Amino acid sequence: DVNAVLEYSVIGNILPSADSENLETIKNPPFLLNKESGDILLNFDPQKGMMGYFAFHVSVRDTFGHVDKATGQIYLLREDQRIRFVFRSHPAEIRARMLRFREVLGKVTSSIVNVDHYIVHEDDHTKTDVLFHFVNPGDNSVMEVGNVLRMIDYKTEELDPIFKEFNVLYTEGVDPTYIRA
């Protein structure tokens with residue numbers, strides 16, 4: 001709908017997962033939805049030790065009465081739950097093909113692969129870091145870095161073609177101070 005006026009809304013409540021930890025201090029809705037843009041805004045101060053995810057349903061309606069619905073999940077990550085992939089490519093090149101990369105990586109690791117951040121190397125603009133986190137689709141928990149790196153190492157032969165196609169130089173767990181630097 002080009003130039004359509006859309007209105008977004010949350011259906012029901014935004015609830016933490018049953019296995020969430022240290023979220024009982026959140027009294028207000030944890031997220032707010034901008035009705036015009038669909039942007040989701042954080043409505044609490046995350047604290048160290050909070051873990052889990054929030055699940056909710058969103059609806060969008062246009063002026064003609066057409067309605068669509070989607071399920072959203074927002075994960076609380078510890079700073080040490082990200083994996084850094086270093087690519088010899090510019091961010092625009094990687095973004096344009098990231099869906100394929102995520103699909104292959106997800107299939108090989110039996111996980112949901114989420115992109116958190118793209119970072120261009122200051123000293124070498126031909127390199128880009130992409131930070132990922134991996135989610136176990138069975139229980140929606142964020143997978144530990146060591147386990148994911150072992151799976152990647154174990155499946156090297158299966159991943160070799162996609163790593164070559166995307167010019168992956170190396171992978172590693174993210175140092176929690178890396179983002180702040």
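What this report covers is the structure whose coordinates are included nearby. (Residues numbered from 1 in each chain as written. Predicted model: local features only at pLDDT ≥ 70, side-chain atom pairs only at ≥ 80, totals over all residues. Heavy atoms only, no water.)

Before going further, it helps to spend a moment on the side chain of His-133. On the secondary structure map, His-133 appears in strand 8 (residues 128-136). The class of His-133 is buried, set by a relative accessible area of 6%. Within the structure, the side chain of His-133 is placed 2.8 Å from the side chain of Asp-116, a separation counted as a polar contact. Ignoring sequence-local partners within four residues, the contact set of His-133 consists of Tyr-75, Leu-77, Gln-81, Ile-112, Val-113, Asn-114, Asp-116 and Val-142. (Helix = DSSP H or I, 4+ residues; strand = E, 2+ residues; numbered from the N terminus. Buried < 20%, exposed > 50% of the residue type's maximum accessible area, 1.4 Å probe, protein only. Polar contact = N/O pair within 3.5 Å; in protein donor to acceptor, adjacent residues only side chain to side chain. Contact = heavy atoms within 4.5 Å.)

Here we come to the sheet that holds strand 5 (residues 67-76). Strand-to-strand pairing in sheets goes through backbone hydrogen bonds, with the strands running parallel or antiparallel. Reading across the sheet, the 3 strands line up as 1-4-5 and stay open at both edges, with antiparallel pairing between neighbours. The outermost strands of the open sheet, each flanked by one partner alone, are strand 1 (6-16) and strand 5. Averaged over all neighbouring strand pairs, the angle between strand axes comes to 25°, with direction disregarded. In this structure, strand 1 lies alongside strand 4 (residues 52-62), joined through 8 bridges in antiparallel fashion. When the bridges of strand 4 are listed, Tyr-8 appears paired with Val-60. (Pairing = 2+ DSSP bridges. Axes fitted to C-alpha atoms, helices over the stretch in contact; angles between N-to-C directions.)

On to the side chain of Thr-109. As for its placement among the helices and strands, Thr-109 is situated in helix 1 (residues 91-109). Within the local environment of Thr-109, its side chain forms a polar contact with the side chain of Ser-111, the two groups lying 2.6 Å apart. If near-sequence neighbours (up to four positions away) are discounted, Thr-109 is found in contact with Phe-134, Met-143, Met-151 and Ile-152.

Nonpolar side chains tend toward joint burial in soluble globular proteins. Of all hydrophobic cores here, the largest spans 23 residues; its most connected members are Phe-85, Phe-87, Phe-101, Phe-132, Phe-134 and Phe-163. Listed by contribution, the elements that provide at least two residues to this core are strand 6 (83-87), helix 1, strand 7 (112-120), strand 8, helix 2 (145-154) and helix 3 (156-165). Counting residues per element, this core draws most heavily on helix 1, at 5 residues. The next biggest cluster of nonpolar side chains, apart from the first, holds 11 residues, and it includes Leu-23, Phe-31, Phe-44 and Phe-54. (Core = buried A, V, L, I, M, F, W, Y, C linked by side-chain atoms within 4.5 Å.)

Attention shifts here to the pattern of salt bridges. This model, assessed by the stated rule, comprises 10 salt bridges. Among the ionic pairs, Arg-82 bridges to Asp-116, the shortest N-O distance being 3.1 Å. In this pair, Arg-82 is assigned in the loop between strand 5 and strand 6 and Asp-116 in strand 7, connecting sequence segments 34 residues apart. Given a relative accessible area of 26%, Asp-116 falls into the partly exposed group. (Salt bridge = Lys/Arg side-chain N within 4 Å of Asp/Glu carboxyl O.)

In this model, helix 1 (19 residues) spans only 24 Å end to end at C-alpha, well below the 27 Å of a helix rising 1.5 Å per residue. Maximal helix bending in helix 1 amounts to about 60°, located at Arg-97. Within helix 1, burial applies to Pro-91, Ile-94, Met-98, Phe-101, Leu-105, Gly-106, Val-108 and Thr-109. Packed against the buried residues of helix 1 are strand 6, strand 7, strand 8, helix 2, helix 3 and strand 10 (168-173). Within two residues after helix 1, Ser-110 carries a phi angle of roughly 50°, on the positive side. (Expected span 1.5 Å × (residues − 1). Bend = angle between axes of the 7 residues up to and from the residue.)

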